[in-house]
Amino acid sequence: MRQPVVADRYYVTWEEIGKPLIPGDYEIPNLGLLTLDDADVHFATRVPGAAFFVRRSAALGGRYVVVAREQPA
């Protein structure tokens with residue numbers, strides 16, 4: 001079972017969810033469904049090694065949503 005990295009947030013890489021090129025719902029291994037929007041996909045396709053901090057959204061039925069993007073140094 002995955003452990004949160006900060007409070008209720010999990011760290012997920014773009015590669016880990018299959019490098020999707022369109023917004024939608026994608027499976028996070030050992031966690032659940034992640035809903036990616038246009039901005040998340042745009043970021044991931046332009047930043048090498050893209051990664052996100054995600055958390056569960058009650059409003060979306062328990063799916064995970066991106067709450068922050070890992071910014072390159």
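Coordinates for the structure precede this section.
Computed from a predicted structure; not experimentally measured.

Caption draft 1: Structural detail: the overall build of the protein. A count of helical and extended segments in the protein gives one helix and five strands. Along the protein, helices and strands appear, N-terminal first, in the series β-β-β-α-β-β. Relative to the compact-globule value of 11 Å for 73 residues, the protein shows a C-alpha radius of gyration of 11 Å, a close match. Reported as C-alpha extents along the three principal axes, the dimensions of the protein are approximately 30 × 25 × 20 Å. The proportion of buried residues among the 73 residues of the protein is 36%. For the protein, the share of sequence-separated contacts (at least 6 apart) that also reach a separation of at least 24 residues comes to 43%.

Caption draft 2: Layout of the side chain of Ser57. As for its position among the elements, Ser57 is in the loop between β4 (51-56) and β5 (64-69). Residue contacts for Ser57: discarding those within four places in its chain leaves Gly62, Arg63 and Val65.

Caption draft 3: Looking closely at the environment of Pro23. Relative to the helices and strands, Pro23 resides in the loop between β1 (10-13) and β2 (24-28). For Pro23, a relative accessible area of 37% puts it in the partly exposed group. C-alpha of Pro23 to C-alpha of Asp40: the two residues are 17 residues apart in sequence and 7.9 Å apart in space. For Pro23, the residues in contact, after removing those within four places along its chain, are Leu36, Asp37, Asp38 and Val41.

Caption draft 4: Expanded view of the packing of aromatic side chains. Applying the stated rule across the entire model yields three aromatic pairs. Ring geometry for Tyr10 and Tyr64: centres 5.9 Å apart, planes at 85 degrees, overall edge-to-face. Highlighted residues: Tyr10 in strand β1 and Tyr64 in strand β5, separated in sequence by 54 residues. With a relative accessible area of 3%, Tyr64 lands in the buried category.

Caption draft 5: View of the pattern of salt bridges. This model, assessed by the stated rule, comprises five salt bridges. Linking Asp8 and Arg55 is a salt bridge whose minimum nitrogen-to-oxygen distance equals 3.5 Å. In this pair, Asp8 sits in the segment before β1 while Arg55 sits in strand β4, placing the two residues 47 residues apart along the sequence. For Asp8, a relative accessible area of 34% gives the class partly exposed. For Arg69, the salt bridge goes to Asp40, with nearest N and O atoms at 2.9 Å.

Conventions used here
Residues numbered from 1 in each chain as written. Predicted model: local features only at pLDDT ≥ 70, side-chain atom pairs only at ≥ 80, totals over all residues. Heavy atoms only, no water. Helix = DSSP H or I, 4+ residues; strand = E, 2+ residues; numbered from the N terminus. Rg over C-alpha atoms; globule rule 2.2 N^0.38 Å. Buried < 20%, exposed > 50% of the residue type's maximum accessible area, 1.4 Å probe, protein only. Contact = heavy atoms within 4.5 Å. Phe/Tyr/Trp six-rings, centres within 6.5 Å; stacked < 30°, edge-to-face > 60°. Salt bridge = Lys/Arg side-chain N within 4 Å of Asp/Glu carboxyl O.

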